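Residues per chain are reported as follows:
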Amino acid sequence: MLFAARLIPKKRPLMVVESFAKLNTDDTLQLVMLGDGPLRKDVENRCDDLGISKQVKFEGFVAPDLVQKWMSIADVFVQPSWETWGVAPIEAAACGCRVIVSNEIGCYADVFKDSSEHRVLTQVNIATLAGAMEELLEYANAALLDHSV
């Protein structure tokens, strides 16, 4: 799972790690956090509190070409932010990632509204985000099994 954004309130990085913790029952799942910002220490501390520090990798600021490499290997890209547009979710989808966005990000209606491989959250909270994460991970795992036969 991948999150790539500044670690600021409108990007909701704390919600991302709290949602990830809800579905992370073993060490097989990983969340990569690309980006830096004033909430980084809070997010790292929350990971410690939730017992998921070993599954969450903080990469800090990453050059755009490397962000796209991360997007191309991730199963799910998560950005439950509120903002006018949002380029990162579009780039993630172009790299083949399944994407979770909120309906509070401007690009959702044009790019993700009618897609079965992506999720648009109309109620943005920990439970709905965790549910979307779990659903898309199951979808990704099923797709892998279909291709391995």
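Rules of the game
Residues numbered from 1 in each chain as written. Predicted model: local features only at pLDDT ≥ 70, side-chain atom pairs only at ≥ 80, totals over all residues. Heavy atoms only, no water. Helix = DSSP H or I, 4+ residues; strand = E, 2+ residues; numbered from the N terminus. Rg over C-alpha atoms; globule rule 2.2 N^0.38 Å. Buried < 20%, exposed > 50% of the residue type's maximum accessible area, 1.4 Å probe, protein only. Contact = heavy atoms within 4.5 Å. Areas by Shrake-Rupley, 256 points an atom, 1.4 Å probe, with all protein chains shown as cover. Lys, Arg positive; Asp, Glu negative; His and termini not counted. Charge placed at Lys NZ, Arg CZ, Asp CG, Glu CD. Salt bridge = Lys/Arg side-chain N within 4 Å of Asp/Glu carboxyl O. Polar contact = N/O pair within 3.5 Å; in protein donor to acceptor, adjacent residues only side chain to side chain.

Another aspect to go through is the overall build of the protein chain. When you go through the protein chain residue by residue, the secondary structure sums to six helices and six strands. Walking the protein chain from its N terminus toward its C terminus, one meets helices and strands in the order β-α-β-α-β-α-β-α-β-α-β-α. Taking 2.2 N^0.38 as the reference for a compact globule, 149 residues should give roughly 15 Å; the C-alpha atoms of the protein chain span a radius of gyration of 14 Å, in line with that estimate. Referenced to the eigenvectors of the C-alpha coordinate spread, the extents of the protein chain come out at roughly 40 × 35 × 30 Å. Out of the 149 residues belonging to the protein chain, those deemed buried represent 44%. Across the protein chain, the fraction of contacts at a sequence separation of at least 24, relative to all contacts at a separation of at least 6, is 57%. Total accessible area computed for the protein chain in this model is approximately 7,800 Å², and 51% of it derives from carbon and sulfur atoms. Put simply, the protein chain has 14 plus and 21 minus side-chain charges, and the middle of one group is 5 Å from the middle of the other.

The subject of this paragraph is the pattern of salt bridges. For the structure on display, the rule yields eight salt bridges. For Arg 46, the salt bridge is made with Glu 18, and the minimal N-O distance between the two is 3.0 Å. On the criterion of sequence distance, the pair formed by Arg 46 in helix α2 (residues 40-50) and Glu 18 in helix α1 (residues 13-23) is long-range, its members being 28 residues apart. The class for Arg 46 is partly exposed, based on a relative accessible area of 28%. Between Lys 57 and Glu 59 there is a salt bridge, and its shortest N-O distance comes to 3.4 Å. For Lys 57, a relative accessible area of 45% corresponds to the partly exposed category. Of the residues examined, Glu 59 reaches a relative accessible area of 31% and is grouped as partly exposed. Here the salt bridges share partners, and the residues they tie into one network are Glu 18, Arg 46 and Asp 49.

Before going further, it helps to spend a moment on the side chain of His 118. Assignment of secondary structure puts His 118 in the loop between α5 (108-111) and β6 (119-121). Owing to a relative accessible area of 12%, His 118 belongs among the buried residues under this scheme. There is a polar contact of 2.9 Å between the side chain of His 118 and the backbone nitrogen of Val 99. Aside from chain neighbours lying at most four places away, what touches His 118 is Ala 93, Cys 97, Arg 98, Val 99, Phe 112 and Leu 136.

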